[in-house]
Amino acid sequence: MVQRREPTARQMRLGVELRRLREAAGLTTIEAAALLGVNRVQITHVESGITGVSEQRIRRLASHYACTDAEFIDALVAMATDRTRGWWESYRNLLPTSFLDLSELEHHARFLRHVAILYVPGLLQTEDYARAVFSSRLPELTPEELELRIQHRKARQEITIPYEALIHEAALRIRVRDRATSKAQLTRLLELSDAEHVTLRAIPFDLDDFAASSTMTYAGGPLPKLDTVVRDAPHGSVLIDSEAQLTIYRTRFRMVEAVALEPNETRDFIHRLAKEL
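What counts as what
Residues numbered from 1 in each chain as written. Predicted model: local features only at pLDDT ≥ 70, side-chain atom pairs only at ≥ 80, totals over all residues. Heavy atoms only, no water. Pairing = 2+ DSSP bridges. Helix = DSSP H or I, 4+ residues; strand = E, 2+ residues; numbered from the N terminus. Salt bridge = Lys/Arg side-chain N within 4 Å of Asp/Glu carboxyl O. Contact = heavy atoms within 4.5 Å. Buried < 20%, exposed > 50% of the residue type's maximum accessible area, 1.4 Å probe, protein only.

Can you tell me about the pairing of strand S1 (residues 111-116), naming the residues and giving the values?
As defined by bridge partners, S1 adjoins strand S4 (residues 216-220) across five bridges and the pair is classed as antiparallel. Among the inter-strand pairings, Arg 113 is bridged to a residue of S4, identified as Tyr 218. Taken together, the five bridges between S1 and strand S2 (residues 163-168) define a ladder with parallel strand orientation. Its bridge partner being in S2, Val 115 is matched across the sheet by Leu 166.

I'd love a proper account of the pattern of salt bridges, names of residues and values included.
For the structure shown, the criterion picks out 23 salt bridges. In this structure, Arg 20 engages Asp 241 in a salt bridge whose closest nitrogen and oxygen atoms are separated by 2.7 Å. With Arg 20 in helix H1 (residues 9-24) and Asp 241 in the loop between strand S6 (236-240) and helix H11 (243-259), the pair connects residues that are 221 residues apart, well separated along the chain. Among the ionic pairs, Glu 262 bridges to Arg 201, the shortest N-O distance being 3.4 Å.

Explain the side chain of His 45 residue by residue, including any values.
Here His 45 lies in helix H3 (residues 40-47). Residues in contact with His 45, not counting those within four places in the same chain, are Gln 3, Ile 50 and Thr 51.

Any chance you could break down the pairing of S2 for me, citing the residues and the numbers?
Regular strands place side chains that alternate from one sheet face to the opposite one. In terms of burial, S2 is a largely internal element, six of the six residues being buried. Every second residue of S2 is oriented toward a common face, with Tyr 163, Ala 165 and Ile 167 on one face and Glu 164, Leu 166 and His 168 on the other, all of them buried. The sheet contact formed by S2 and strand S3 (residues 198-203) spans six bridges and is parallel. Note that in S3 the partner of Leu 166 across the bridge is Arg 201.

Here is the structure:
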């Protein structure tokens, strides 16, 4: 098995799920290796995403681990055997790995849900808005780095899966650059709200029962247990996939969704904000 220099987040997630199955079966890496006739290091490398694993070996391991969830096993096989080279690979070694991991996650997601507090979500940003956001980063980006981020963000926006964004009024009102940029961004949101796959819901300042929440993206996998939450961190995105944490974030999203304006109310709300500019 050829070792990877830099496994992707998807490859590492496959390894994590195989490790979870092994641990649930109460087996050590040595015992799992013996079942496949390989050494312990190979199992460790598979579980860390450093090396790939064949469909046959995944099914053998699942059998030995007493996993009877056929749908889940098929999903793991699909993750292992997918050889698609995504558009984001052209940015490898040009952008931080977290940018590529996010693109890969969005590409394979069945749906996306986003809670935005301070900025309009990246998938909905105009080029001028995105440029203003990236230009505010410290340390300051070079012109080349800035352009790469802009082009990458525009490419990410070519999604057609169901996408629901809950956007706080703060994000709608904050002027990342000037009135013209903000108005153009609000106009863009109104245009996108007509798209069949996009659902926008605003969270006004004067809304009751809204506790402080943070920005997050929830990406739906082929099965709920393969969902992923993306949280922003100082040095890139953090991907969360433990079942306990996923349950918490599902609940958080439902709590925010329960108090947000309906889509038609959101359109009227955004329209009023645009008229104020």
